[in-house]
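The primary structure of each chain is shown beneath.
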Amino acid sequence: KGLLDILSKSTVSKQQAQKCVVCGFFSEGRLCFRHRLAAKSLLEAYSFWRDALGVSFRDYLQQILRRSETGRWAKELAEYVLKTGDEGVLDEAKV
């Protein structure tokens, strides 16, 4: 069975099913599980950057986009937040 078969038989009703605002993948909120994990990592790392370097959150996102160590999902999320200004999407990582 394919992924679509599994998702269509998910315990989440079709009314509850949503798409990730970043990638369009299935999600139970605004972010899929991948981008939710990325949001959690971004927020955790930002506290260290802020304390050490005194950078704003927007500057932090711009800097991590340039780093080769930053993962794909974190970069996608950072690009989304910078493009849309939708920092509220990161609240899902706090749940």
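This is a predicted model, so every value here is computed, not measured. (Residues numbered from 1 in each chain as written. Predicted model: local features only at pLDDT ≥ 70, side-chain atom pairs only at ≥ 80, totals over all residues. Heavy atoms only, no water.)

Engineer: Can you tell me about the environment of Q63, naming the residues and giving the values?
Structural biologist: Looking at the element boundaries, Q63 is found in helix α3 (residues 57–66). Look at Q63 and you get partly exposed, because its relative accessible area is 25%. Contacts of Q63, omitting those with residues within four sequence positions, involve W49 and V55. (Helix = DSSP H or I, 4+ residues; strand = E, 2+ residues; numbered from the N terminus. Buried < 20%, exposed > 50% of the residue type's maximum accessible area, 1.4 Å probe, protein only. Contact = heavy atoms within 4.5 Å.)

Engineer: Lay out the side chain of E92 in plain terms, naming residues and giving numbers.
Structural biologist: Mapped onto the secondary structure, E92 falls in the segment after α4 (72–84). What makes E92 buried here is its relative accessible area of 18%. Polar contacts involving the side chain of E92 include one to the main-chain amide nitrogen of R30, which spans 2.4 Å. Sequence-distant contacts of E92, that is, excluding residues within four places in its chain, are made with G29, R30, L31 and R36. (Polar contact = N/O pair within 3.5 Å; in protein donor to acceptor, adjacent residues only side chain to side chain.)

Engineer: Any chance you could break down the packing of aromatic side chains for me, citing the residues and the numbers?
Structural biologist: If you walk through the whole model with that rule in mind, you get four aromatic pairs. Taking 5.2 Å as the distance between ring centres and 70° as the angle between the ring planes, the aromatic pair formed by W49 and Y60 counts as edge-to-face. You can see W49 sitting in helix α2 (residues 33–53) and its partner Y60 sitting in helix α3, a full eleven residues away along the chain. Overall, W49 belongs to the buried group, its relative accessible area being 18%. A ring pair is formed by F57 and Y60, whose centres lie 5.8 Å apart and whose planes are at 40°; its orientation type is tilted. Remark: Y60 and F57 occur in helix α3; sequence separation between them is three residues, near one turn of the helix. Its relative accessible area of 2% is what places Y60 among the buried residues. Of the aromatic side chains, those joined through ring pairs into one cluster are Y46, W49, F57 and Y60. Sitting over the face of the ring of F25, R34 holds its NZ or CZ atom 5.0 Å from the ring centroid. (Phe/Tyr/Trp six-rings, centres within 6.5 Å; stacked < 30°, edge-to-face > 60°. Lys NZ or Arg CZ within 6 Å of the ring centre and 35° of its normal.)

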